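Secondary and tertiary structure notes
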Amino acid sequence: MTARQCLTLSLADARRLLARYHGRPGSLMSVIQRLGTIQFDPLAPLGTNPDLVLQARVPGYRQGGWQDAAYRRRLLVDGWDKQASLIPPEHWWAQAPFHNWFARRWQQRGVDIDSPEARSLLDQVTQQGPSTSLELGDQRSDPALRGSWYGPKRSRHLLKALWDSGRLMTHHRVNGRHAYDLPERVLPNGACTVERDEDDALEHLIVRRVQAAGLLRPAADAAVWLLPCQRTERDRIASRALDQGKLVALDVAGEYHWATPEAVACLDDAGSFKDSDQGMRFLAPLDPLMWDRRGISRVFGFDYVWEVYKPRKQRRWGYYVLPVLWQDRFVARFDAQCREGTLTILAWHWEDDIVSSRLPDGMAEALQQAARRFLDYLGANRVVLPRGLGHQARYAWQSALK
């Protein structure tokens, strides 16, 4: 296949590609390199989003393991990729040309990272070492900032602007709050690579976005494609990546997609993915596979809505609902929480084509194995089950405790 050739896939091909790409088990480091980015979210009824992303791919992963990887071993650093994310440290340097772009955006909002107040914050961090927003700057509220996403303290806005512009980094987190430090004291030795120009940096972001998702529509929602450029500029850079063979064009049942060559190779390497093809996995709400929800609906016939920010009365499925993928199909979703060693499944919803009293061959066994891995990941020794699971599924969960 030439660099610019468009490969035609059926929906079944696309399902198989995504199931194999995201289902391949690997070490923590290999998964980090495969995805390139993991979205961060502080909510943690079942572990944080990075925990859930990793437990679905890394055998033996335990809740909280990403923090050791990020804040002690520096395999990951807090960075930006459409939202707050965890990225390899060398990727932080790859997108450094956009630090000035972020600084200009903050300047337009009236936040100057070269102001005396900003320099004072940098001096504080230099002298104190890793410090949170509660330990830095003026703690008084500014009435003009009430209702702001970053709160009413001007110092907190300045710290975020300094972080976005690359003058500060996250050394670690304290209850989800950034502990800021200087980049040279956070990045591991050797993380600095040759600086790129803006076109190269943008290409890196675009390819990484596709790499994380596995298969991504250029027409995906704006939230999926949030980039420091307009869509026309994105398409120009993506065209360059296609010419260079860094991206592959695909026609999936009549709709245009992008993938990386590594993801496309999954279609031809069936033997390497035999175990993952048959397994069941519980996915994170913000798993890279789930980013393009309209695309997932079309390819898998699975309509997923994350209802965590909806009022309780408006929720159909639950507060923190995890999709359940078996082989190359979504078969269920469930809402749950884990506290003090007890996993409570608040609701379990089978898809319409699943009859709970008569599960397809192999599904009950796959559920038992997935349940055992999930309980081990959480460190849970007790499970509370809801009605509606069906006898086979209930037995699978109960057997997972033995």
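Owing to the predicted nature of the structure, the values given are computational and were not obtained by experimental measurement.

Digging into the overall build of the chain
- On a plain count of helices and strands, the chain comes out with 16 helices and 13 strands.
- Against the 2.2 N^0.38 benchmark of 21 Å for 402 residues, the chain shows a C-alpha radius of gyration of 22 Å, consistent with a compact globule.
- By its C-alpha atoms, the chain is 70 × 55 × 40 Å across when sized along the principal axes.
- Expressed as a percentage of the 402 residues in the chain, the buried residues total 54%.

A look at the pairing of strand β7 (residues 248-252)
- For β7, a buried count of four out of five residues is recorded, marking the element as mostly surrounded by other parts of the structure.
- Between β7 and strand β8 (residues 255-259), which follow one another and run antiparallel, lie two residues, and A253 among them has a positive phi close to 50 degrees.

With respect to empty space enclosed by the protein
- A full pass over the atoms with the stated rule returns two cavities of 30 Å³ or more.
- When its volume is computed, the largest cavity comes out at roughly 130 Å³.
- Along the walls of the largest cavity sit D78, G79, W80, W92, Q95, F98, H99, F102, W163, D164, L205 and P228, which together make up its complete lining.
- If you tally residues by element for the lining of the largest cavity, the top one is strand β3 (residues 77-81), at three residues.
- Considering only residue class, the lining of the largest cavity consists of seven nonpolar, three polar and two charged.
- In this structure, the second largest cavity occupies an estimated 100 Å³ of space.
- Considering the residues around the second largest cavity, the lining is formed by L18, A213, L215, L216, H257, P288, L289, D292, G295, I296 and V299.

Regarding unusual backbone geometry
- Phi at N175 is positive, roughly 55 degrees, even though this residue is not glycine.
- Tracing the backbone through its elements, the reader meets N175 in the loop between β5 (169-174) and β6 (177-181).
- The class of N175 is exposed, set by a relative accessible area of 84%.
- With a phi angle near 55 degrees, Q327 is a residue other than glycine that sits in the positive phi range.
- Relative to the assigned elements, Q327 resides in the loop between β10 (321-326) and β11 (329-339).

Things to note about the side chain of D292
- Inspection of the secondary structure assignment puts D292 in the loop between β9 (280-282) and α14 (293-300).
- Assessed through its relative accessible area of 7%, D292 is described here as buried.
- Engagement of the side chain of D292 in a polar contact is seen with the side chain of R217, the distance being 2.7 Å.
- Setting aside its immediate chain neighbours within four residues, D292 contacts L216, R217, A220 and V224.

Cut-offs applied
Residues numbered from 1 in each chain as written. Predicted model: local features only at pLDDT ≥ 70, side-chain atom pairs only at ≥ 80, totals over all residues. Heavy atoms only, no water. Helix = DSSP H or I, 4+ residues; strand = E, 2+ residues; numbered from the N terminus. Rg over C-alpha atoms; globule rule 2.2 N^0.38 Å. Buried < 20%, exposed > 50% of the residue type's maximum accessible area, 1.4 Å probe, protein only. Pairing = 2+ DSSP bridges. 1 Å grid on protein atoms, 1.4 Å probe; cavity = no way out; pocket = protein on both sides within 12 Å on 5 of 7 lines; lining within 4 Å. Points joined across faces, edges and corners; volume = space filled by probe spheres on them. Nonpolar A, V, L, I, M, F, W, Y, C, P; charged D, E, K, R; others polar. Polar contact = N/O pair within 3.5 Å; in protein donor to acceptor, adjacent residues only side chain to side chain. Contact = heavy atoms within 4.5 Å.

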